[in-house]
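One letter stands for each residue in the lines below.
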Number of protein chains: 2
Amino acid sequence: MIEKDSIFNIQRIHDMTTEQAREKCIAQIIHANTIAKTFSSLDQQILFYKILMAFDSSFHMRFGVHQGLFGSTLRAQGTKEQWKKYEELVLNLEIIGSFAMTELGHSSFLRNCETTATFVKEEDAFVINTPSVTGTKWWIGMAGQTATHTVALCQLFIGGENQGLHWFVVPLRDRTTGLPLPGIKIGDVGEKIGRPGLDNGWIQFQNVKIPRTNMLMKYSQLDSNGTFHPAPSPALAYLPLISERIGIIECTATDVSKCITIGVRFSCVRVAGPTNRPIMDFQTHQYQLMPILATTIVLTVVSRQLSQKWETLKLPETMEEMVSSGPIFQDFHGLCSILKGWTGWWAMESMEAIRRCIGGHAYSKYNSVSSISNDFSVLTTGGGDNIVLCQQGAHYLLSNYLISKKGGASSPVCYYFKDFFSKSMDTKKGEWASIDQLLLHFKWLVKRMLEKVEAMKKAGTLDKNLTFYVESTKSFCYHYLLEAFYDEIKTANSEIQGVLYELAAFFGLYWIHSMIGRFMQFGYFSGEQAEQIESEVYRACEKLRQNAVPLVDSFNYPDWFLRAPIGVYDGNIYPPYFNLVSTAPINDSTQAIWRKHLSPLFSRSNL
Amino acid sequence: MIEKDSIFNIQRIHDMTTEQAREKCIAQIIHANTIAKTFSSLDQQILFYKILMAFDSSFHMRFGVHQGLFGSTLRAQGTKEQWKKYEELVLNLEIIGSFAMTELGHSSFLRNCETTATFVKEEDAFVINTPSVTGTKWWIGMAGQTATHTVALCQLFIGGENQGLHWFVVPLRDRTTGLPLPGIKIGDVGEKIGRPGLDNGWIQFQNVKIPRTNMLMKYSQLDSNGTFHPAPSPALAYLPLISERIGIIECTATDVSKCITIGVRFSCVRVAGPTNRPIMDFQTHQYQLMPILATTIVLTVVSRQLSQKWETLKLPETMEEMVSSGPIFQDFHGLCSILKGWTGWWAMESMEAIRRCIGGHAYSKYNSVSSISNDFSVLTTGGGDNIVLCQQGAHYLLSNYLISKKGGASSPVCYYFKDFFSKSMDTKKGEWASIDQLLLHFKWLVKRMLEKVEAMKKAGTLDKNLTFYVESTKSFCYHYLLEAFYDEIKTANSEIQGVLYELAAFFGLYWIHSMIGRFMQFGYFSGEQAEQIESEVYRACEKLRQNAVPLVDSFNYPDWFLRAPIGVYDGNIYPPYFNLVSTAPINDSTQAIWRKHLSPLFSRSNL
Ligand SMILES: Cc1cc2nc3c(=O)[nH]c(=O)nc-3n(C[C@H](O)[C@H](O)[C@H](O)COP(=O)(O)OP(=O)(O)OC[C@H]3O[C@@H](n4cnc5c(N)ncnc54)[C@H](O)[C@@H]3O)c2cc1C
Ligand SMILES: Cc1cc2nc3c(=O)[nH]c(=O)nc-3n(C[C@H](O)[C@H](O)[C@H](O)COP(=O)(O)OP(=O)(O)OC[C@H]3O[C@@H](n4cnc5c(N)ncnc54)[C@H](O)[C@@H]3O)c2cc1C
């Protein structure tokens, strides 16, 4: 259906100017909303949007901002009545929402945000203001050209006192003309390195008046007398960010799976050398691409599992529910911070490795890999900067470590920390053939790193070892992925279970090898063992190479979806590539260049 | 001068469409040629072009292709008379040249090229043909829209026999109309991920006739009787590629130095956290940026030195000269292959690290870092694929190793290999404070890796260890850089010598630490020593941070040159950034989007 729809399926997307990309993308948002309404089930709608988001990353962020961030903030932070007021408007696209948190000068450390919302009791209203250039709301998706509304994170002032950050619904543009409302200065932030169809914007507020009821009041309330009831925890303001992060982890799996499909298919067709071997036969290629393939499969499965777990959680409706379910959210927060961080970095490195493995043809936009990477790259910082998130993750692990040390009950995600303090961890350093052993090696490293972190904390030197602190979450991350994947495949159908176990074992060994320096440094593996592991990784890469094509085929991306002629399913890569290139629109401008610049130049001289 | 010139100095370069970028760039090429002629000295001309190339990477490749590749091929492969015929035409831009080596299906392994040049004795001419789609010349810079000529690498057929690859001058377009000449099918390859101002093209030849004298005949000759004298070594056809690689190494230093300037300045101004610390104070930042800064400085100095050495070499004019100077070229070839490979990979990783350190604002094209990285990225494969080059470099090291082992005279670049076989290398594993000791550690690793490579070769398992083989050149690379830099600063003025020694020592220690896994695996450094080295690297980063701003200032890039408001010299970053963004031309299209899409949408419903 999407394939046949001329608004959705634009094959020559890379030939568009930014202006064309913008127009295309908002048209798609509107069109999708119309079509989604024709579906009978919510599941169908969700699937439909998931495919569109995986297909186009500008669409993804536009939709994610409107429904995901704007919508979720209203739902999670607003009272039932507030959400009811907006629900239909959001779902039917009768307003277009945006999410105004970041400012030009302030981002990860939100507490420094400058935008103010000052309560004016006499008018039962707030006045929103941007006090300086650095306080300009910045990067706000959909605000650039299209949003009619935003939820803005502001410092709440009541009677001259700062009550911290809260969310406010602020209308931005007139719905008939699109012109900014009084007091709103707004514009588009212009050219970005990726996601050209997305209109990120900047906003400045100059005495913008909104009714008191536009403050989102599920957890904190302000009544018309000016009496303020703060939320139990200020961290609640960030609840919508957890969903966003889970979405990002899924998107990470999708984007890399698209690239690895293109990379593997190309590498199995492209030949080099005197015997015309496919370049996929070179060990350098196998060593770069096979671990990416295995990791992508693991991440695809685990991110889906994670998102299902999240969806079964109920957002707390009351203060009491909130307090009782707090730990679960903290768990999700800790886990997702670490997963988002490491898989995001891994994704960037993987897409770069795939780009290099393709060589020159990855430099063409028509083969998509570099564009996917550019579109993705914002996500190492957007949705929470990875360095900052991994620090938060490290806090989380450390505090669970300390709880476990004292014999307390750590959170379920850190269930195995208690083993660190039982008599011995039964690891067998010389064995790495079984997944169970691999899991133990990872655990050992988690423990060893946390011991060091604890010592640093005691010595007051964490600041001087921030790099190590961030790294202390890595082994935890890969352990989690392996264990969660292993759980999932235990129930897989027996035909493919063998392949999946092999894949899991390879995944584990590869990531252990990626941390081999730490293992050796701590005296866990010897140099000789490190060499053996390296050889086994090479061997496993070679073995996986035999199944590489069926495995990427199993992602099930049709050719129109990948938009990359060098990655077509049937392997007949050069003719469609040539056809796409030879009809490139830029050729239409050649004659103009000659008339204006070259013919006059050459008429001066004679050959 | 360039700053004040409206054709050269375009600040809003990132707002241009591809079409505009193309037109801008060819106009610059023409304008530069006119201006260059007004300079009295060659040195002035060279400096002028160097600045323009560093300023704009599309210009860089256009000029590089015309003068560097097209021009050098004519000069290096043509007879004196042939070069004389073209010299003025090239220098005065009376023709526009291109360099047609790569084909759609064939690249690093050029011997598989399909384009043929068949000698037709009766007509004293060649007929050039593209036998298949995969034989289409591809990526050819300037061929897309502007080149009038090319030098094409073709399989030479004489009397039905293939005499291997040779270069032929082929006219492509009519100089008056710009239309392709008979038998030439030509076009632009369209959208690329970077260098939008450069017109890469594809070419197909259909029975294109050129006179016999269009074959470049310095080293191999064909007379009108059809008697063929082959070149002493077929590798000679690739001589122009050495200059190209040296140019690329210099460009690597330039591009990273631009990015690190922006990254460091931004990080010293941007604040975060409750105490408003500059983010440059975080160790994670220091650990990412300071090694890049040190390496960039080292590379800047060493690449300049290398290029000076190359310029003093005389291209061999006769067969005898060629044979006698062969080893020197081989040396350059081996060395440059390795340097281009490792510094190219390092550059990509560094620009990515800088991008991450800047965070969201690096996603804006207006801050240049991501664009510089996209422009650069082709160079991990262009000018010789890095994996392939490092393999060639490894061959080169291995053969010098074997010569030295037999007591023979290795090439000067590998002068220290003989020490590997003298009684003992006097390394002190526990010491790493002096540059001399650091150099010894690197050497030890070169030796140890080559020993393993030799054993693999004997066992016939190099293929199964290609990754290791490629890696075996890394320690050599960083040893070379450190030693060459050290040599250079020995004569530096005493005021800055202290800083430079410290920088060199830090550079050495950092890169040793980057290979610490290998050192530990081979039992050279212990885990404890590895930990000590890590701590010292952290400390050195912190120390260098104090000088970070003066050091990046010493690259001497004026603001107009960097085109990155978040990296301005005076640190007042936000106002110019806001000004640039708030006048982004995309804002002009907002009203059209409302008229066409949004106003009609909202008129359907009422809020
Ligand atoms: C913007 C741009 C401008 C260019 N300009 C020109 C130009 O003006 N003129 C011109 O002639 N060419 C030009 N080129 C082509 C460029 O020189 C080639 O892209 C380059 O030579 C590398 O080849 P490749 O990566 O395309 O292909 P391949 O050689 O096919 O390499 C593909 C992949 O296979 C791997 N591989 C190949 N061989 C081996 C091996 N033996 N062992 C292990 N791995 C291997 C490589 O590492 C790479 O990852 C340009 C390219 C671009 C993108
Ligand atoms: C395309 C795009 C779309 C976006 N959409 C939206 C949107 O719709 N709404 C919205 O509100 N925002 C949006 N953002 C903003 C985005 O969420 C921020 O960019 C992100 O929160 C990270 O902040 P930062 O990197 O910009 O800045 P900073 O937090 O200033 O970080 C800069 C650098 O400092 C480092 N750093 C910061 N603090 C620490 C610390 N404590 N310790 C160590 N290092 C530190 C970081 O690692 C990073 O390298 C968007 C951004 C982009 C680029």
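Given the structure is predicted, the values throughout are model-derived calculations rather than measurements.

### Details of the sheet that holds strand β4 (residues 137–141) of chain A
Residues and elements named next belong to chain A. If you walk across this open sheet you meet the three strands as β4-β8-β7, and the pairing is antiparallel. Two strands in the sheet have a free side with no partner beyond their single neighbour: β4 and β7 (184–188). Here the strands of the sheet are splayed against their neighbours by 30 degrees on average, with no regard to which way each runs. Bridge count for β4 against strand β8 (residues 200–205) is three bridges, and the pairing is antiparallel. Bridge pairing in β8 links Lys 137 to Ile 203.

### A word on the site of ligand 2
Close contacts around ligand 2 come from 30 residues, with Ser 107, Ser 108, Thr 381 and Asp 385 of chain A together with Arg 356 of chain B the closest. More than one chain lines the surroundings of ligand 2; the residues nearby belong to chains A and B. With respect to ligand 2, the backbone of Met 101 of chain A contributes an N or O atom lying 2.9 Å from an oxygen atom. Within the side chain of Thr 102 of chain A, a nitrogen or oxygen atom sits 2.7 Å from a nitrogen atom of ligand 2. Elements with a contribution of two residues or more to the shell around ligand 2: β4 and α9 (386–405) of chain A together with α6 (283–312) and α7 (319–358) of chain B. Across the shell around ligand 2, the residue classes tally to 14 nonpolar, 13 polar and three charged.

### Remarks on the UniProt feature "domain: Acyl-CoA oxidase C-terminal" (unreviewed entry) in chain A
Look at the UniProt record and you will see "domain: Acyl-CoA oxidase C-terminal" (unreviewed entry) annotated at residues 444–602 of chain A. As annotated, residues 444–602 of chain A comprises 74% helix and 0% strand, and the C-alpha atoms at either end are separated by 72 Å.

### Overview of the side chain of His 597 of chain B
The topology assignment puts His 597 of chain B in helix α19 (residues 590–603). What makes His 597 of chain B buried here is its relative accessible area of 14%. Aside from chain neighbours lying at most four places away, what touches His 597 of chain B is Glu 23, Ile 26, Ala 27 and Ile 30 of chain A.

### Digging into the interface of chain B and chain A
Taken together, the contacts link 125 residues of chain B with 126 residues of chain A. Buried area between chain B and chain A, summed over both chains or domains, comes out near 10,400 Å², and the portion from carbon and sulfur atoms is 59%. When the buried surface of chain B facing chain A is broken down by residue, Arg 175, Glu 191 and Tyr 363 of chain B rank first, second and third, together holding 8% of it. The salt bridge partner of Glu 534 of chain A is Arg 518 of chain B, with a shortest N-O separation of 2.8 Å. Summed over the shared surface of chain B and chain A, the number is 55 residue pairs in polar contact (both at pLDDT 80 or more).

### Notes on the relation of the copies chain B and chain A
With an axial shift of 0.0 Å and an RMSD of 0.0 Å, the rotation relating chain B to chain A amounts to 180 degrees. The two molecules are tied by a two-fold rotation axis, judged by turn and shift. The position closest to the rotation axis in chain B is occupied by the C-alpha of Gly 517 of chain B, lying 2.3 Å away. Looking at chain B, 100% of its interface residues are interface residues in chain A too, so the copies touch through the same face.

### Some remarks on the state of the cysteines
Scanning the model with the defined rule gives zero disulfides over all chains in all. You can see Cys 25 of chain A has no disulfide; the closest cysteine sulfur is in Cys 251 of chain A, sitting 14 Å from it. Cys 259 of chain B supplies the cysteine sulfur nearest to Cys 251 of chain B, a cysteine that is in no disulfide, at a spacing of 11 Å. A relative accessible area of 8% places Cys 251 of chain B in the buried class.

### Overview of the side chain of Asn 374 of chain A
Along the chain, Asn 374 of chain A falls in helix α8 (residues 369–376). Judged by relative accessible area, Asn 374 of chain A falls into the buried class, the value being 10%. Reaching out from Asn 374 of chain A, the side chain makes a polar contact with the side chain of Asn 374 of chain B at a distance of 3.5 Å. With near-sequence residues (within four places) excluded, Asn 374 of chain A lies in contact with Ile 193 and Gly 194 of chain A together with Ile 193, Tyr 363 and Asn 374 of chain B.

Thresholds, definitions, all that
- Residues numbered from 1 in each chain as written.
- Chains lettered and ligands numbered in written order.
- Predicted model: local features only at pLDDT ≥ 70, side-chain atom pairs only at ≥ 80, totals over all residues.
- Heavy atoms only, no water.
- Pairing = 2+ DSSP bridges.
- Helix = DSSP H or I, 4+ residues; strand = E, 2+ residues; numbered from the N terminus.
- Axes fitted to C-alpha atoms, helices over the stretch in contact; angles between N-to-C directions.
- Near = heavy atom within 4 Å.
- Polar contact = N/O pair within 3.5 Å; in protein donor to acceptor, adjacent residues only side chain to side chain.
- Nonpolar A, V, L, I, M, F, W, Y, C, P; charged D, E, K, R; others polar.
- UniProt positions renumbered as here; feature names shortened; annotations may be inferred.
- Buried < 20%, exposed > 50% of the residue type's maximum accessible area, 1.4 Å probe, protein only.
- Contact = heavy atoms within 4.5 Å.
- Buried area = accessible area lost by both parts, 1.4 Å probe.
- Salt bridge = Lys/Arg side-chain N within 4 Å of Asp/Glu carboxyl O.
- Least-squares fit on C-alpha atoms with pLDDT ≥ 70 in both.
- Disulfide = S-S within 2.5 Å.

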